[in-house]
Amino acid sequence: MTKPVLDLSGQVAVVTGASSGIGQAVAIGLGRAGAAVVVNYRGERDGAEETAEAVKAAGAKAVVVHADVSSEADVMELFRRTKEAFGSFQILVANAGLQRDAPAHEMSLDDWRKVIDVNLTGQFLCCRAAIREYLARDPQPELSRAAGKIICMSSVHERIMWAGHVNYAASKGGVMLMMQSLAQEYAARKIRINSIAPGAIKTPINRDAWETPEALAKLLKLIPYGRIGEPEDIANAAVWLASDHSDYVTGATLFVDGGMTLYPEFRDGG
Ligand code: BGC
């Protein structure tokens, strides 16, 4: 584990989809940096409890809150519970996301809608709730230079088109312009909004891509840096984007992908 050098103590972070994978690592990373964490989950209560235990073991506070981010009522309840527990919050990591893969000509409308509802509409609902809170309360310069921070979890597939995953790629392309538009809209109100675009990170969502040596070898051809990403790689980026060390950064997508977006097929010339 990288030793946290950035201090978020006194701040409160809401992390959606924090029961496994990237969300879990981000929640723990923010906790290690001193933030109290609201650990949101939808399906995996045990995973969420594990996340909360790890945050507490690092000496920070944590509460576990169930919510389906694609439900407006659930999202309102998530943020009501956050305020009930901690008064306010300064950091949102809109992370919850899923895949429902199929060739486009076989993709059901349900699978299209599910992915857009969770990955895009779910992020919008959480961003809207955070922006409302950041606008409503006074700035807290003793905690952070910004009135509030939002980190959207995007993907290399906001840039790389992805056959067989049209719903997912469309959702992440949507996250890109949603994030940029919100950043433009609220920069003057001192709200910083950025995205992280992970490449292939070793989590349950893409188990098929790394589980066998053959699959991993194929995947590594797409990653110039020569290793699969670890959830902690994303956590480190999130801690930085949540901290005042990135205070002049807004509307940016930080690619954390080992070079996956560098057209690796061209590395030996075209
Ligand atoms: C997807 C993973 C995939 C990675 C790189 C992510 O956004 O969720 O399944 O391995 O992009 O293609």
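This one's a predicted model, so the numbers in the text were calculated from it and none came from an experiment.

S.K.: In this structure, what is going on with the site of the ligand? I would like to understand it.
M.R.: Around the ligand, the structure places Gln99, Ser155, Val156, His157, Trp162, Tyr168, Gly199, Ala200, Ile205, Asn206 and Met260. Here an oxygen atom of the ligand sits 2.7 Å away from a polar atom, N or O, in the side chain of Ser155. Note that an oxygen atom of the ligand is positioned 2.6 Å from one of the side-chain N or O atoms of Tyr168. Here the ligand, which alone exposes 310 Å², has 89% of that area covered by the protein.

S.K.: Sorry if this is basic, but what is going on with unusual backbone geometry here?
M.R.: A negative phi angle characterises most non-glycine residues, just as the trans form characterises most peptide bonds. The phi dihedral of Lys190 falls on the positive side, at around 65 degrees, and the residue is not glycine. Structurally, the position occupied by Lys190 is in the loop between helix H5 (166-186) and strand E6 (191-198). Within the chain, Tyr263 stands out as a residue other than glycine whose phi angle is a positive 50 degrees. By secondary structure assignment, the location of Tyr263 is in the segment after strand E7 (253-256).

S.K.: Just checking my understanding: could you explain the pattern of salt bridges for this structure?
M.R.: Between side chains of opposite charge, pairing is possible as soon as their charged atoms come close. A complete count under the given rule lists 9 salt bridges for this structure. The partner of Glu72 in a salt bridge is Arg128, and the shortest N-O contact between them spans 2.7 Å. Note that Glu72 is positioned in helix H3 (residues 72-86) and Arg128 in helix H4 (residues 109-136), a separation of 56 residues in sequence. Note that Asp247 and Arg192 form a salt bridge whose closest N and O atoms lie 3.8 Å from each other. With Asp247 in the loop between helix H7 (231-242) and E7 and Arg192 in strand E6, this pair connects stretches of sequence that are 55 residues apart. Taken together, the shared-partner salt bridges connect Glu77, Arg80 and Glu84 into one network.

S.K.: How should the packing of aromatic side chains be read in this particular structure?
M.R.: Each aromatic ring pair is specified by the distance between its two centres and by the angle formed by the two planes. Evaluation of the coordinates by the stated rule reveals 4 aromatic pairs. With a centroid separation of 5.5 Å and an interplanar angle of 55 degrees, the aromatic rings of Phe89 and Tyr134 are classed as tilted. With Phe89 in the loop between H3 and strand E4 (91-94) and Tyr134 in helix H4, this pair connects stretches of sequence that are 45 residues apart. A single burial state applies to Phe89 and to Tyr134, both of which are buried.

Scoring rules and cut-offs
- Residues numbered from 1 in each chain as written.
- Predicted model: local features only at pLDDT ≥ 70, side-chain atom pairs only at ≥ 80, totals over all residues.
- Heavy atoms only, no water.
- Near = heavy atom within 4 Å.
- Polar contact = N/O pair within 3.5 Å; in protein donor to acceptor, adjacent residues only side chain to side chain.
- Areas by Shrake-Rupley, 256 points an atom, 1.4 Å probe, with all protein chains shown as cover.
- Helix = DSSP H or I, 4+ residues; strand = E, 2+ residues; numbered from the N terminus.
- Salt bridge = Lys/Arg side-chain N within 4 Å of Asp/Glu carboxyl O.
- Phe/Tyr/Trp six-rings, centres within 6.5 Å; stacked < 30°, edge-to-face > 60°.
- Buried < 20%, exposed > 50% of the residue type's maximum accessible area, 1.4 Å probe, protein only.

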